[in-house]
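Residue strings, one per chain:
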Amino acid sequence: MFNAQEEKGGLKEVETIIGPSVKVKGNFHGQGNIVIEGILEGSLKTQSSLHIGDKAKVTANVEAKGATISGEVVGNIKIKGYLDVGPTAKITGDIEASSLSIARGAILNGKCAMSPGEGVSKEIK
Amino acid sequence: MHFALTVMHVYIYDSFLSHKKYDNTLARIETRLTDLGLNGKISRLGVMKNMQSAVENELKTGAKTITAVGNDNTVSQVINAMVKLTKERYPKIIPLGIIPVGDNNFIADNLGIAEEESACDILSARRIEKLDLGQVNDNFFLTNASITSVGTTIEMEKTYSIEIMDMGEVNVVNLRTTDKDSPANAKFNPQDGILELFIRTKTKKGFLKLTSQETGESIFSLKKLNILNSKNYSIILDGYLEVRTPAQISVIKQKLSAIVGKDRNF
């Protein structure tokens, strides 16, 4: 695993970074933390955390343990733990998480469901 | 240096060391090796003797250690010859030693091996580590395989593909050698059975795309990938060996035994 000494997307240990200028097509399934700053089309799964940056474009169904989303996602999002939707996020699809915060300015077109899971959300921005 | 009856230690001198300017350095190294009781056979590469035949001769005679004396290029060539020959004809894996001389010794540096005479002390300590090697078709690399991003597509085990939309370089890294092939703040482990795919791109920004450049970095951990290039660019292994595309790159876990220093970078 790639050990970045400085944090990337708030994640200390990052297995995968999909940078700007890079487009991934297909079923991307990982074990470790993932940071997306580029384009992903297909499906995305990880057993760890996910960070989707403000310039990222993801057209995929997404599953992760935890996630922070600041970019564009077209697809359904299923998060076991905490989902943090930032002010620049634009989501077209249903979201499911066990704890959730949505910042002012975020765009969400889809259903929102809370699932019993690891964390409990207290934060309302 | 004298020849022992049973040659245990073999030193392969790269051809560039025949230049006069290295005479003193080599004399000092040979004296130090004799002092440490590590004297052995010297095999000098040149027009009449290539790496493959030099290494094969020494494997035949039952060398205990083969030491590459030279730079990264020398080390990489010795590794390729050793691995190919041990796979095909001489199954006993013997350790690789390195005595770095001259410029471009990033491999030795990352394995914690100091230059010239100091490297002899590391050989004497005989701290052996098993290292992964990358394989591209029938060739091997210890550090990295690189190719330009222009026209390059990467496919991962038929599950997904990667397209690169800007100019840049693609590096598949096993042992990190310089900042060029991987992020400066990253640590890679050449013993974990995993290769890191590192892509660095430069995007031109601003009016007429002339004003500034933005660097993008991507990284993927993997065991196997295919590289295709629509413009017929080649993959360069360890900075010197060209391999044509399409090519499959994979990792062979702990294939190489190498004598390393305690200050190694992993």
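Since we're looking at a predicted model, the values are computed, not measured.

Calculation notes
Residues numbered from 1 in each chain as written. Chains lettered and ligands numbered in written order. Predicted model: local features only at pLDDT ≥ 70, side-chain atom pairs only at ≥ 80, totals over all residues. Heavy atoms only, no water. Helix = DSSP H or I, 4+ residues; strand = E, 2+ residues; numbered from the N terminus. Contact = heavy atoms within 4.5 Å. Areas by Shrake-Rupley, 256 points an atom, 1.4 Å probe, with all protein chains shown as cover. Buried < 20%, exposed > 50% of the residue type's maximum accessible area, 1.4 Å probe, protein only. Axes fitted to C-alpha atoms, helices over the stretch in contact; angles between N-to-C directions. Parallel < 35°, antiparallel > 145°, perpendicular 65-115°, else oblique. Left-handed = near helix turned anticlockwise from the far one by under 90°. Nonpolar A, V, L, I, M, F, W, Y, C, P; charged D, E, K, R; others polar. Salt bridge = Lys/Arg side-chain N within 4 Å of Asp/Glu carboxyl O. Pairing = 2+ DSSP bridges. Expected span 1.5 Å × (residues − 1). Polar contact = N/O pair within 3.5 Å; in protein donor to acceptor, adjacent residues only side chain to side chain. Phe/Tyr/Trp six-rings, centres within 6.5 Å; stacked < 30°, edge-to-face > 60°. Lys NZ or Arg CZ within 6 Å of the ring centre and 35° of its normal. Core = buried A, V, L, I, M, F, W, Y, C linked by side-chain atoms within 4.5 Å.

**Quick look at the overall build of chain B**
- Along its length, chain B carries five helices and 17 strands.
- The contacts in chain B between residues at least 6 apart in sequence include a share of 71% that link residues at least 24 apart.
- Accessible surface computed for chain B: about 12,300 Å², of which carbon and sulfur atoms make up 48%.

**Remarks on the overall build of chain A**
- Summing up its helical and strand segments, chain A has zero helices and 16 strands in all.
- Relative to its full complement of 125 residues, chain A shows a buried share of 48%.
- A separation of at least 24 residues holds for 5% of the contacts in chain A among residues at least 6 apart in sequence.

**Let's talk about the packing of helix α2 (residues 51–60) of chain B against helix α3 (residues 72–88) of chain B**
All names here are of chain B.
- Following both chains from N to C, one finds α2 and α3 inclined at 55°, their axes separated by 9 Å at the closest point. Regarding the angle of α2 to α3, the classification is oblique. The two elements α2 and α3 cross, and the hand of that crossing is right-handed. Along the contact surface, α2 presents M51, Q52, V55, E56 and L59, while α3 presents T74, Q77, V78, A81, M82, K84 and L85.
- Considering only residue class, the contact of α2 with α3 consists of seven nonpolar, three polar and two charged.

**A short note on the pattern of salt bridges**
All names here are of chain B.
- Tallied over the full model, the rule gives seven salt bridges over all chains.
- Residue R28 pairs with E116 through a salt bridge whose shortest N-O separation is 3.4 Å. Taken together, the residues span a long stretch of sequence, with R28 in helix α1 (residues 23–35) and E116 in the loop between α4 (106–110) and α5 (117–125) at a distance of 88 residues.
- For R32, the salt bridge goes to D121, with nearest N and O atoms at 2.7 Å. Taken together, the positions of R32 in helix α1 and D121 in helix α5 put the pair 89 residues apart, joining distant regions of the chain.

**Examining the pairing of strand β14 (residues 224–229) of chain B**
Residue and element names in this part refer to chain B.
- Every second residue of β14 is oriented toward a common face, the buried set being L225, I227 and N229 and the non-buried set K224, N226 and L228.
- Where strand β8 (residues 152–156) lies against β14, four bridges are found, and the strand directions are antiparallel. Following the sheet pairing, T152 is matched in β14 by N229.

**A look at the pairing of strand β2 (residues 41–44) of chain B**
- Note: strand β1 (residues 9–13) of chain B against β2(B), four bridges, orientation parallel. Bridge assignment links B:I12 to a residue of β2(B), and that residue is B:S43.

**Focus: α3(B)**
Residues and elements named next belong to chain B.
- Counted at 1.5 Å a residue, the expected span for α3 with its 17 residues is 24 Å, and the 24 Å between its end C-alpha atoms agrees.
- With twelve of 17 residues buried, α3 is to be regarded as a mostly interior element.
- Taken residue by residue, α3 has D72, T74, V75, S76, V78, I79, N80, A81, M82, V83, L85 and T86 as its buried positions.
- Its side-chain oxygen at 3.1 Å from the backbone nitrogen of N73, N71 defines the N-terminal cap of α3.

**Describing the side chain of B:S76**
- Along the chain, the position of B:S76 falls in helix α3.
- Among all residues touching B:S76, those that are not within four sequence positions of it are B:D238 and B:Y240.

**Focus: the packing of aromatic side chains**
- With the rule as written, the count across this model stands at three aromatic pairs over all chains.
- For the pair A:F28 and B:F220, a centre-to-centre distance of 6.0 Å together with 70° between the ring planes defines the contact as edge-to-face. Residue A:F28 is found in strand β3 (residues 22–30), and its partner B:F220 is found in strand β13 (residues 212–222); the two belong to separate chains. Here A:F28 and B:F220 have matching classes, each one buried.
- In this structure an aromatic cluster arises from ring pairing among A:F28, B:Y160 and B:F220.
- The aromatic ring of B:F266 is capped on one face by B:R264, whose charged end is 5.8 Å from the ring centroid.

**Overview of the nonpolar core**
- Core analysis: the biggest nonpolar cluster contains 51 residues, and A:L83, B:I154, B:I162, B:L197 and B:F220 have the highest contact counts within it.
- With four residues, the single largest contributor to this core is strand β7 (residues 57–64) of chain A.
- Beyond its immediate sequence surroundings of up to four residues, B:I162 is in contact with A:V22, A:K23, A:V24, B:T152, B:T153, B:I154, B:M156, B:L197, B:I199 and B:F220.
- In terms of nonpolar packing, the next biggest core, distinct from the first, is built from 50 residues, B:Y11, B:I12, B:A54 and B:Y90 among them.

**A look at the packing of α1(B) against α5(B)**
Residues and elements named next belong to chain B.
- α5 packs onto α1 with a crossing angle of 25° between their chain directions and a minimal axis gap of 9 Å. As far as their axial angle goes, α5 and α1 are roughly parallel. Taken as a pair, α1 and α5 cross one another with a handedness that is right-handed. Residues R28, I29, R32 and L33 of α1 touch α5, and the partners they reach there are E117, C120, D121 and L123.

**Concerning α2(B)**
Residue and element names in this part refer to chain B.
- Of all the positions in α2, only M51, A54, V55, E56, E58 and L59 are classed as buried.
- Contacts made by the buried residues of α2 are with β1, β2, β3 (65–70) and α3.
- Its side-chain oxygen at 3.2 Å from the backbone nitrogen of Q52, N50 defines the N-terminal cap of α2.
- Positive backbone phi, approximately 80°, marks G62, located one or two places after α2.

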